[in-house]
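Overview (structure and organization)
Chain by chain, the residues run as shown.
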Amino acid sequence: MKTKFFAAIITALMFVGMANAQTTKIGYTNVDYILNNIPDAKDIENKLKTEKAQYDKLLQDKIAAFQAKYEDYQKNGATMSAVIKADREKELQSGQTAIQEFQQNSENALQQKQQQLLAPVLEKIDKTVKDVAKENGYTYVFNTDAGPGTTPILLVAPDADNISDLVFKKLGVTPPAKTAAAATPAAAPKK
């Protein structure tokens with residue numbers, strides 16, 4: 001009797017487990033692929049290029065001014081008094097340090113600007129992925145891209161579970177033409 005009871009419980013648990021397994025729906029997308037193919041990304045790229053061009057112009061002006069002072073120092077250095085020569089050398093060292101600091105500060109400012117501009121777009125993509133998953137009954141959605149130089153998270157998956165086109169449509173963007181890399185998860189690097 002106990003054996004039949006335990007067998008019935010085990011059978012019931014197996015059916016519950018199979019029923020739960022059938023309701024789990026897994027999808028995937030590539031957030032970087034989506035990001036790189038929406039108009040917002042082009043706007044961000046243009047804004048960053050404009051700002052970088054402004055920094056580059058200012059840097060070139062600083063370098064030109066430094067070079068003019070350096071050439072003057074080289075040309076007239078032999079005729080300068082020791083005090084003036086030392087002052088000019090100190091001025092040149094300060095100028096070189098200022099150029100290096102400006103380069104670092106402008107790179108940091110561009111990175112911060114990129115993060116500032118990307119944050120709302122990435123939040124919009126994240127929300128859209130979640131909405132698409134909910135609307136289409138996906139329990140889990142993986143991002144196939146783990147970042148540059150890394151092994152992809154999802155190595156094999158059916159094309160039918162790629163929700164990228166649904167995300168594009170939800171964002172109001174026409175999905176780009178399919179390519180082998182975008183349509184399927186990335187292949188593992190060869191050893």
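Residues numbered from 1 in each chain as written. Predicted model: local features only at pLDDT ≥ 70, side-chain atom pairs only at ≥ 80, totals over all residues. Heavy atoms only, no water.

Describing the pattern of salt bridges
For clarity, the threshold we go by: When a carboxyl oxygen of Asp or Glu is within 4 Å of a side-chain nitrogen of Lys or Arg, the pair counts as a salt bridge. Under the scheme used here, helices are H or I runs from DSSP no shorter than 4 residues and strands are E runs no shorter than 2 residues, and both carry numbers assigned from the N terminus. Working definition: with a 1.4 Å probe on protein chains only, accessible area under 20% of the residue-type maximum means buried, over 50% means exposed, and in between means partly exposed.
For the structure on display, the rule yields 9 salt bridges. Between aspartate 126 and lysine 130 there is a salt bridge whose closest N-O contact spans 3.1 Å. Of the two residues, aspartate 126 and lysine 130 both sit in helix H4 (residues 82-135), 4 residues apart, roughly one turn of that helix. Exposure remark for aspartate 126: the relative accessible area of 38% places this residue in the partly exposed category.

What about helix H5 (residues 164-171)?
This is how it is decided: As used here, the arc belongs to the directions running from the helix axis to the C-beta atoms. The criterion used for residue contact is that any of the two residues' heavy atoms lie within 4.5 Å.
By the burial criterion, the buried members of H5 are Ser164, Val167, Phe168 and Leu171. Buried residues of H5, viewed axially, fall in a sector of 100°; they line one side. Where H5 is buried, its residues meet strand E1 (26-29), helix H2 (31-36) and H4. Just downstream of H5, glycine 172 is the residue with a positive phi angle, here 80°.

Quick notes on the packing of H4 against H5
Quick note on the threshold: Axes here mean lines fitted to C-alpha atoms, for a helix over just the part in contact, with angles spanning 0 to 180 degrees between N-to-C directions. The scheme is simple: roughly parallel for angles under 35 degrees, roughly antiparallel for over 145, roughly perpendicular for 65 to 115, oblique for anything else. The crossing is said to be left-handed when, going from far helix to near helix, the turn is anticlockwise and less than a right angle, and right-handed when the turn is clockwise. Under the scheme applied, nonpolar residues are Ala, Val, Leu, Ile, Met, Phe, Trp, Tyr, Cys and Pro; charged residues are Asp, Glu, Lys and Arg; polar residues are all the others, including Gly.
Taken N-terminus to C-terminus, the directions of H4 and H5 make an angle of 115°; their axes are 9 Å apart at the nearest point. When the interaxial angle is binned, H4 and H5 end up roughly perpendicular. Crossing of H4 over H5 shows right-handed handedness. Facing H4, whose interface residues are Lys124, Ile125, Thr128, Val129, Asp131, Val132 and Glu135, H5 presents Leu166, Val167, Lys170 and Leu171. Looking at side-chain class alone, the contact of H4 with H5 contains 6 nonpolar, 1 polar and 4 charged residues.

Describing the nonpolar core
Stated formally: Within this scheme, the nonpolar core is defined by two criteria: the residues are buried Ala, Val, Leu, Ile, Met, Phe, Trp, Tyr or Cys, and they are joined through side-chain atoms within 4.5 Å.
The biggest cluster of nonpolar side chains holds 21 residues, and the ones touching the most others in it are Ile34, Ile38, Ile125, Val167 and Leu171. Contributing elements (two or more residues each) for this core: H2, helix H3 (39-76), H4 and H5. The biggest single contributor to this core is H4, with 8 residues. If we ignore the near neighbours within four places in the chain, the residues touching leucine 171 are Ile34, Ile38, Lys124, Ile125 and Thr128.

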